Amino acid sequence: MSIEKNFTLESIGASSIRKTLRDKFYFYKKCFFEHSFCLKTKTLFEKVGIEPVFSGSIEPEIWNQVKNRVVHSVSAIQPTFIRDSICVQMYDDTDKDLLWAYQNGAFLLITDHKVEGLPCFVTENPTLVYAKLCRYYRDLRNISVTAVTGSIGKTTLKRMVQSVYETELKTFCNVVNHNALYHAGYFCQHIPRIYDVMVQEVSEDTPFYTKPMSIALKPRIVAITNITVSHIEAFGSYESIVNEVLSITDGMDPDGYVVVNMDEFHWFELLKGKKVIKVSCEDTSADYYGHSINIAADGLHFEVSCKKEQKCVSVHLKNIFGLHNVSLALQA
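Note that the coordinates shown come from a computational prediction; the quantities given were computed from them, not determined experimentally. (Residues numbered from 1 in each chain as written. Predicted model: local features only at pLDDT ≥ 70, side-chain atom pairs only at ≥ 80, totals over all residues. Heavy atoms only, no water.)

Student: Describe the pattern of salt bridges, listing the residues and the values that go with them.
Tutor: With the rule as written, the count across this model stands at 4 salt bridges. For Glu201, the salt bridge goes to Lys158, with nearest N and O atoms at 3.5 Å. Residue Glu201 is located in strand β9 (residues 197–201), and its partner Lys158 is located in helix α6 (residues 154–165); the two are separated by 43 residues in the primary sequence. For Glu201, a relative accessible area of 2% gives the class buried. Relative accessible area serves as the criterion here: at 0%, Lys158 is assigned to the buried category. (Salt bridge = Lys/Arg side-chain N within 4 Å of Asp/Glu carboxyl O. Helix = DSSP H or I, 4+ residues; strand = E, 2+ residues; numbered from the N terminus. Buried < 20%, exposed > 50% of the residue type's maximum accessible area, 1.4 Å probe, protein only.)

Student: Got a sec to walk through the nonpolar core? Specific residues and values, please.
Tutor: Core analysis: the biggest nonpolar cluster contains 60 residues, and Leu44, Leu108 and Ile224 have the highest contact counts within it. Among the elements that make up this core, the one with the highest residue count is helix α5 (residues 126–139) (7 residues). Contacts of Leu44, omitting those with residues within four sequence positions, involve Leu39, Val71, Val74, Leu133, Tyr136 and Tyr137. Judged by nonpolar contacts, the second largest core, of 23 residues, contains Tyr165, Ile320, Ala329 and Leu330. (Core = buried A, V, L, I, M, F, W, Y, C linked by side-chain atoms within 4.5 Å. Contact = heavy atoms within 4.5 Å.)

Student: Describe the pairing of strand β13 (residues 288–296), naming the residues involved and giving the relevant values.
Tutor: The pairing of strand β12 (residues 275–280) with β13 spans 2 bridges and is parallel. Its bridge partner being in β13, Ser280 is matched across the sheet by Tyr289. Examined bridge by bridge, β13 and strand β14 (residues 299–306) share 7 bridges and lie antiparallel to one another. Across the sheet, residue His291 finds its bridge partner in β14, namely Glu303. A loop of 2 residues connects β13 with β14, the two strands running antiparallel in sequence. (Pairing = 2+ DSSP bridges.)

Student: Help me get a handle on a nonpolar patch on the surface, residues and values and all.
Tutor: A cluster of nonpolar side chains, Ile293, Ile295, Phe321 and Leu323, forms an exposed patch at the surface whose accessible area comes to about 360 Å². Residue placement: Ile293 occurs in strand β13. (Patch = residues over 30% accessible without salt bridge, like charges linked within 9 Å, V, L, I, M, F, W, Y side chains within 5 Å. Areas by Shrake-Rupley, 256 points an atom, 1.4 Å probe, with all protein chains shown as cover.)

Student: How would you sum up the layout of surface pockets? Please name residues and give values.
Tutor: Taken as a whole, the second largest pocket holds about 440 Å³ of empty space. Along the walls of the second largest pocket sit 21 residues, with Asn125, Thr127, Pro207, Phe208 and Tyr209 positioned nearest its centre. For the lining of the second largest pocket, the elements supplying multiple residues, two or more each, are α5, α8 (210–217) and α10 (238–246). For the lining of the second largest pocket, the residue count by class is 10 nonpolar, 7 polar and 4 charged. (1 Å grid on protein atoms, 1.4 Å probe; cavity = no way out; pocket = protein on both sides within 12 Å on 5 of 7 lines; lining within 4 Å. Points joined across faces, edges and corners; volume = space filled by probe spheres on them. Nonpolar A, V, L, I, M, F, W, Y, C, P; charged D, E, K, R; others polar.)

Student: Could you give an account of the environment of Ile241, naming the residues involved and the relevant values?
Tutor: With respect to the secondary-structure elements, Ile241 resides in helix α10. The exposure class assigned to Ile241 is buried, which follows from its relative accessible area of 0%. Along the primary structure Ile241 and Ser151 are separated by 90 residues, whereas in three dimensions their C-alpha atoms are 9.0 Å apart. Leave out the neighbours within four places in its chain, and Ile241 touches Ile227, Thr228, Val229, Ser230, Ile232 and Phe235.

As structure tokens, this is what we get:
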């Protein structure tokens, strides 16, 4: 059996790609469930299981309007996404940011403190509330989600996974590296009904943000790339980075799988109770073992020994040359 894939990775910084992505949002909006954004604020909170104890020096009349307002989206304090929405305070948002959001379309703010004169739902963990609200919309779609995280290689692996899925499934995958919490939350709310599977890149550069993304996404499959000391200035230690990356499994489907490269991953004790698929270019005991690697003029050629199927597969990655891409391809 021979597999040949042509991976052409476009520049993620290209403005034309970003414009294409924005244009596609208008198409996606036509593909939503009709009932996705027809809930009143109080009904949405009830369905998610959150007691909406509102705070702020606001007239009771205004609070009644807020509670009965139809929720069009749950958003971060971001110019692109605010359209008649509930807005959530993120880790670096100031009171001025919250005021700006209120003046530009947010009718309710989820915050960790009361802001004088603004309608706020005050909670200890706004990001967790945001994740749960986004999860409600994600669960309206019976779709399998694959989340890709790690320090290096996320975007490449995401595009490879997308390419593999698209041979058989309609795959929803944003082409650029939109991997922050508010991106994941946005996509959870806007999964078009025409797709079978979603692939989402998950950033690990902000402490305590990976777990909320996992809760919002409920991934069926998690792929973890190499974990390095990137963003250590935010975490303080390598151990904290590892724990942050592995928290992507906290909200995953109980019957899901974690796919790791055992040549670089050494924290299997932290994945107890999880179903783990191991790939390797060094250890023949791996579930998928890559060998006989050859760099040719047209890309990478290698063999994959599949432990469970007890067979060997020939793979050709066209236009891909770095040896590190073999491990990523094995995970895909």
